[in-house]
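# Structure at a glance
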Amino acid sequence: MSRRQSPVTAVHDDASSSMSALLWPARSVGSGGALLACALRRADRAGQELLLRTRGAADLNAHTAARVQGVLEDRGARQAVEDLIQERHHQALERLNHAHLPATAAFALRDLIQAVHNRTA
């Protein structure tokens, strides 16, 4: 980060620099995940500041939580991450369908792919 660059701009620049920010957000913006990385890329300065200020806060009131949710939804970050999950799920199944694996291995991998895709946390 340069002396003139704000922390928000530095995180935004890091997150926007490549697709790896979406795939490996921990390397770009900390432990916030793909949703935070995508939201920071898409949000305006006020939204970025809100996200950074409230990240990891356990004591958000309903108003602030709604504002954070608004930033995630209004700029399409949540949908972009959902789309990325669907795309990766589809790619994994396609690759498995074309792999020459024993049936038991393919079955186990298909179950694993489904379990990862269907997890809630």
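Here the structure is a predicted model, which is why all the values come from computation and not from measurement. (Residues numbered from 1 in each chain as written. Predicted model: local features only at pLDDT ≥ 70, side-chain atom pairs only at ≥ 80, totals over all residues. Heavy atoms only, no water.)

### Topic: the packing of helix α7 (residues 77-98) against helix α8 (residues 103-118)
In contact at an axis separation of 11 Å, α7 and α8 are set at 180° when each is read in the N-to-C sense. Between α7 and α8, the crossing angle belongs to the class labelled roughly antiparallel. When α7 is examined against α8, the residues Ile85, Gln86, His89, Ala92, Leu93, Leu96 and Asn97 are found in contact with a partner set consisting of Ala106, Leu109, Arg110, Ile113, Gln114 and His117. Taken together, the residues of the contact of α7 with α8 break down into seven nonpolar, five polar and one charged. (Axes fitted to C-alpha atoms, helices over the stretch in contact; angles between N-to-C directions. Helix = DSSP H or I, 4+ residues; strand = E, 2+ residues; numbered from the N terminus. Parallel < 35°, antiparallel > 145°, perpendicular 65-115°, else oblique. Contact = heavy atoms within 4.5 Å. Nonpolar A, V, L, I, M, F, W, Y, C, P; charged D, E, K, R; others polar.)

### Comments concerning the nonpolar core
If you look at the biggest cluster of nonpolar residues, it comprises 14 residues, and the most contacted ones within it are Cys38, Ala39, Leu51, Val68, Val71 and Leu72. Among the elements of the structure, α4 (33-42), α5 (45-54), α6 (62-74) and α7 are those that each provide at least two residues to this core. With five residues, the top contributor of residues to this core is α4. The residues touching Val68, leaving out its near neighbours within four places in the chain, are Leu50, Leu51 and Thr54. (Core = buried A, V, L, I, M, F, W, Y, C linked by side-chain atoms within 4.5 Å. Buried < 20%, exposed > 50% of the residue type's maximum accessible area, 1.4 Å probe, protein only.)

### Comments concerning α6
Relative to the 18 Å expected for 13 residues at 1.5 Å per residue, α6 spans 18 Å between its end C-alpha atoms, a close match to the ideal helical length. Of all the positions in α6, only Thr64, Val68, Gly70, Val71 and Leu72 are classed as buried. Summarising the contacts, the buried residues of α6 are in contact with α4, α5 and α7. Looking at the residues trailing α6, positive phi occurs at Gly76, about 80°. (Expected span 1.5 Å × (residues − 1).)

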